[in-house]
Amino acid sequence: MTSDHDPTAARSDAEPSERRDSEIRYDHRAIEAKWQAYWEEHQTFRTERRAGREKRYVLDMFPYPSGAGLHVGHPEGYTATDIMARFWRMRGHDVLHPMGWDAFGLPAEQHAIETGTHPSATTARNIQTFKRQLKMLGFSYDWSREIDTTDPGYVRFTQWIFLELYQLGLAFQAEVTVNWCPALGTVLANEEVIDGKSERGQHPVERRPLRQWMLKITAYADRLAQELVGLDWPAGTLAMQNDWIGRSEGAEAFFRIEGKTGTGDDAGFWIFTTRPDTLFGATYCVLAPEHPLVASLTTAERRAEVERYVIDAKNRAERERLAKKDKTGVFTGSYAVNPATGKPVPIWVADYVLWGYGTGAIMAVPAHDERDFDFAKKFELPIVEVVKGGDVARAAYTSHEVGELVNSGTLDGLEPPAAKKKITDWLEAEGLGRAKVQYKLRDWVFSRQRYWGEPIPIYFPVELDDPKGDPRAGAAHRIRYDQPVPLEAAELPLRLPELSDFKPGDDPAGPLARARDWRFFQKDGRWYARETNTMPQWAGSCWYYLRFLDPGNTAVGWSAEAERAWMPVDLYVGGAEHAVLHLLYARFWHKVLFDLGHVKDPEPFKKLVHQGMILGEDGEKMSKARGNVVNPDDIVRHYGADALRMYEMYMGPLEAVKPWQTSQISGVVRFRERVYALAHRPLVAECDEETRRLVHKTAKKVTQDVERMAFNTAIAALIVLTNHLMGKPEVPREALHVLTLCLSPFAPHLGEELWQKLGHTASLAHEPWPSWDEALTVDDTLEMGVQVNGKTRGTVRIARGADAAAAEAAARAVDGVAQQLAGKTVKKFIYVAGRIINFVVG
RNA sequence: GCGCAGGUGGCGGAAUUGGCAGACGCGCUGGAUUCAGGUUCCAGUGGGGUAACUCCUGUGCGGGUUCAAGUCCCGCCCUGCGCACCA
């Protein structure tokens, strides 16, 4: 080691503060606290919208503040957005980077049932914890825009949007079959029902029609699918939304019941098919068990069996029905007439036909549909080939593109696409059918029989048996649910009543039904009853990104001016678990608001990124039960916020699922210590050529990596620069300057501390991001691999612009290469400037 | 079953249009510093072989295209996630 590489050499002529590296300790607790206080005091991240600036709206999926506090998964996405927010701020853009709380929801209510603590108290406490933890991580949120979906000032506008939907006829009531658990006194989601019993408590669950509020999202199905095109979203998420909407083109056709005439409701039934071209091959029909015609179609001798089957099917939860299994079904004893062949076909009832999709009835074409094929085999129903191309004795031939129609009258000889068109036209001409677009997407059940949610701002007239009776005191009454009355906008927010008992009761109306003084009220001498269902947790998150634009506005949810200034969201980061529901619901609301002229864009989220899940050290999903949960508080206390931030970004690509490894944190901690130690070495004005080039290359690499959110490789580049500088007893000022600025989005506390050491008095948060000289990022000479027959035999350093002859001469001189070429003829010489040299020999 | 993403050292992961596979970090090995070290620093580290250089081999598996394949094409296997009788 030469003396000028000896770190102790710097010590002799250094200032007292410039100790040897190993003595310098970065006190992360003190330094991080110091800068967090500074940012707060100076309102460093207060959002501004300035004329002539580009804007960036950088949004996290806001959290549900659970009692467990922050999880290491949360900071992953939040760090990514914070880096982008800080980067764009330094690029001179106006950045909106807010945070808030999606605070309605079941856990707080469950806690209330168990302990009697009001959900608002639990929520407030949890929010406090979350906020402390987020602040501890040094995120550059504009906290003056903090919002809470349970705040009456927020609820008011959630209810206002509901009323807008209602006025458009997009919010309506309907009887819906739901999973009702009498023991728990509530409706359960399909996921909460296992084998016909409640997941919690094993109580019996029945399928029961209940009055629910629905949102007519199906009215937007086409646009929700169509307008996915052009969004900068993960391909998988676009595909999932598309599948969820599930648009399919086909035809509806009327099957007359044998012995009846006309097309009336009891003369037959409508089926939906995507394969009208196979109509001649329909050898039987199937109705869903819920189909209203089942009872009347069933013949006397079949009745007992059919009724048993239908009752069984009804009691099976829908989820169970959807699970693939052996086909079951029963014959009704009746026949329908195939409109194409005029022949009678038997009508069956089977649960593989879903009541919730299409018309709940199908024509079965076993030769060309796998499900019908399985069913026909099992019940020995006829199979008639109508599209040539497969062996329908063995398996269904399902191509709807390739093949030739047979046994199909006038369709014979056509290919399926042409046959579809022709038969659909024929059906239409005969009044027996029409082209039809069908969606899997169903309308959205929007009510919950719960306390801790937004009250639905609707009330209903009450009819009293005794006109002088008081329904609050239990006077006999009927609530006219068929005559809903919306609240006036000026009456909002409709607040939740205080309750001491949050338990759901035996009344499917939910806990709010017990708040009689709240529920019943008189107006103009008449009694009314409020809706006692509340909105689902999705409601608040459907528009929170709009409230962030203008959170203090008490007149409207957001001003047009604020909306024009910031929308759409430029970058939205959150978990893939919300790929369908939240994002679909929010898009739906946004489109309605767009149609009403309340927002200017048809889509709210321009670019979407899902952070990958962080697994436990054992490679399994983190869970309390497994005991592999990592608590960010512990990590920050021990290693510091910057270390946690850098570690999570350095683990791998943001989108990747990756295991947590605490041992890996030491890598970024050492990096931080080395950078800090560098700042204590003497700074010098002059910079050697090699260092200068590396600085420019690093600035370029980090910039480009941050732009594509490749944070792991950006940090690697910063480590390379740091390692290079560690070899220097004196640090070129410009090198430390660039390093500090490039590092600061990742490790903002360290960044500020170094910036101060560089002699600055203000925060670097709004300093211009480093630029670079392109010429300095390109080397004059470069090392190239030299191959013989594609195998690398050595390397050679040549001028960047060297011509083939020069390259060949240089390459031939390489030892290993010369040896390989000895005594052989070079058949071909390949030189791709800057990439490779290859000799092809015989 | 269908859709999407992925399979690279002991581990996390790098790798423009095909162009020196394994950047960077962890771990490990050796050395220096230290009273000591779970500190810091230096060197090494895909596997195999060798006294050494040379060498052989290597990106899930099997083929193919090419001067050249982690990357492109064909056929498989495996893992994760999502959907799952949607006619």
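Since we're looking at a predicted model, the values are computed, not measured.

Caption draft 1: Seen up close, a negative patch on the surface. Together, E401, E404, D412 and E415 line one region of the surface with negative charge. Tracing the sequence through the fold places D412 in the loop between strand 17 (404-405) and helix 13 (416-430). D412 gets classed as partly exposed once you look at its relative accessible area, which sits at 40%.

Caption draft 2: A look at the sheet that holds strand 19 (residues 444-445). Read across the open sheet, the four strands follow the order 6-5-9-19; overall the sheet is antiparallel. What marks the edges here is a single partner per strand, and that holds for strand 6 (186-188) and strand 19. Relative to strand 19, strand 9 (residues 206-215) runs antiparallel, the two being bridged by two bridges. Paired with L215 across the strands is W444, a residue of strand 19. With respect to the sheet, helix 6 (residues 152-167) is in contact with strand 5 (171-181) and strand 9, its orientation differing from that of strand 9 by roughly 95 degrees.

Caption draft 3: Region of the structure containing helix 21 (residues 665-678). For helix 21, with 14 residues, the first-to-last C-alpha span of 20 Å sits near the 20 Å given by 1.5 Å per residue. Counting buried positions over the 14 residues of helix 21 gives ten, a clear majority of the element. Residues I665, V668, V669, F671, R672, E673, V675, Y676, A677 and L678 constitute the buried set of helix 21.

Caption draft 4: Main features of the side chain of K327. When you line up the elements, K327 lands in the loop between helix 11 (318-322) and strand 13 (330-337). There is no salt bridge for the buried K327, and the closest opposite charge comes from D374, which lies 4.3 Å off by N-O distance. Ignoring any residue separated from it by four or fewer positions in sequence, one finds K327 in contact with Y352, R371, D374, F375, K378 and F379.

Caption draft 5: Layout of unusual backbone geometry. For the peptide bond that leads from L492 to P493, omega is 0 degrees, which places it in the cis range. By the element assignment, P493 lies in the loop between strand 22 (485-486) and helix 14 (516-519). The omega torsion of the bond from M567 to P568 falls at -5 degrees, within 30 degrees of zero and hence cis. Relative to the helices and strands, P568 resides in the loop between helix 17 (560-566) and strand 25 (571-573). For N407, which is not a glycine, the phi torsion comes out positive at approximately 50 degrees. Looking at the element boundaries, N407 is found in the loop between strand 17 and helix 13. Even without glycine at this site, M709 takes up a positive phi of about 55 degrees. Take M709: it is sitting in the loop between helix 22 (689-707) and helix 23 (711-726).

Caption draft 6: Region of the structure containing the packing of helix 20 (residues 641-650) against helix 25 (residues 748-757). Here helix 20 crosses helix 25 at 120 degrees, and the two axes come no closer than 7 Å. On the basis of the axis angle, helix 20 is oblique to helix 25. In contact with A641, D642 and R645 of helix 20, helix 25 contributes P748, H749 and L750.

Caption draft 7: Just the pattern of salt bridges, in detail. For the structure shown, the criterion picks out 52 salt bridges. The salt bridge partner of E252 is R434, with a shortest N-O separation of 2.7 Å. Within this pair, whereas E252 is found in strand 10 (residues 248-257), its partner R434 is found in strand 18 (residues 433-438), the two being separated by 182 residues in sequence. D705 is the partner of K701 in a salt bridge, and the nearest nitrogen-oxygen pair spans 3.2 Å. Taken as a pair, K701 and D705 lie in helix 22 at a separation of four residues, close to a single helical turn.

Caption draft 8: Geometry of the sheet that holds strand 31 (residues 781-788). The four strands are arranged 32-31-34-33 in an open sheet whose pairing can be described as mixed. Every interior strand has two partners, whereas the edge strands, strand 32 (791-799) and strand 33 (826-832), have only one. Neighbour-to-neighbour, the strand axes of the sheet open up by a mean angle of 20 degrees, direction not taken into account. In this fold helix 26 (residues 804-812) packs onto strand 31, strand 32, strand 33 and strand 34 (836-841), with an angle of close to 115 degrees to the strand it touches most, strand 33.

Caption draft 9: Broad picture of the pairing of strand 23 (residues 520-523). Sheet topology places strand 23 next to strand 24 (residues 526-530); four bridges connect them, and they run antiparallel. In the sheet register, F520 faces strand 24, and the bridge partner there is A529. Counted along the chain from strand 23 to the antiparallel partner strand 24, the turn is two residues long, and its residue D524 has a positive phi close to 50 degrees.

Caption draft 10: Looking closely at the pairing of strand 13. Among the eight residues of strand 13, six are classified as buried, and the element is accordingly described as predominantly covered. The pairing of strand 10 with strand 13 spans two bridges and is antiparallel. Its bridge partner being in strand 13, R256 is matched across the sheet by V337. Between strand 13 and strand 14 (residues 344-349), which pair antiparallel in sequence order, lie six residues; one of them, G342, sits at a positive phi of approximately 75 degrees.

Caption draft 11: Local environment of the packing of helix 21 against helix 25. Where helix 21 meets helix 25, the axes come as close as 10 Å, and the angle between the chain directions of the two elements is 10 degrees. In terms of axis orientation, helix 21 runs roughly parallel to helix 25. Along its contact with helix 21, which presents R672, V675 and Y676, the element helix 25 presents L750, E753, L754 and K757. Per-class residue counts for the contact of helix 21 with helix 25 are four nonpolar, no polar and three charged.

Cut-off values and rules
- Residues numbered from 1 in each chain as written.
- Chains lettered and ligands numbered in written order.
- Predicted model: local features only at pLDDT ≥ 70, side-chain atom pairs only at ≥ 80, totals over all residues.
- Heavy atoms only, no water.
- Patch = residues over 30% accessible without salt bridge, like charges linked within 9 Å, V, L, I, M, F, W, Y side chains within 5 Å.
- Areas by Shrake-Rupley, 256 points an atom, 1.4 Å probe, with all protein chains shown as cover.
- Salt bridge = Lys/Arg side-chain N within 4 Å of Asp/Glu carboxyl O.
- Lys, Arg positive; Asp, Glu negative; His and termini not counted.
- Charge placed at Lys NZ, Arg CZ, Asp CG, Glu CD.
- Helix = DSSP H or I, 4+ residues; strand = E, 2+ residues; numbered from the N terminus.
- Buried < 20%, exposed > 50% of the residue type's maximum accessible area, 1.4 Å probe, protein only.
- Pairing = 2+ DSSP bridges.
- Contact = heavy atoms within 4.5 Å.
- Axes fitted to C-alpha atoms, helices over the stretch in contact; angles between N-to-C directions.
- Expected span 1.5 Å × (residues − 1).
- Parallel < 35°, antiparallel > 145°, perpendicular 65-115°, else oblique.
- Nonpolar A, V, L, I, M, F, W, Y, C, P; charged D, E, K, R; others polar.

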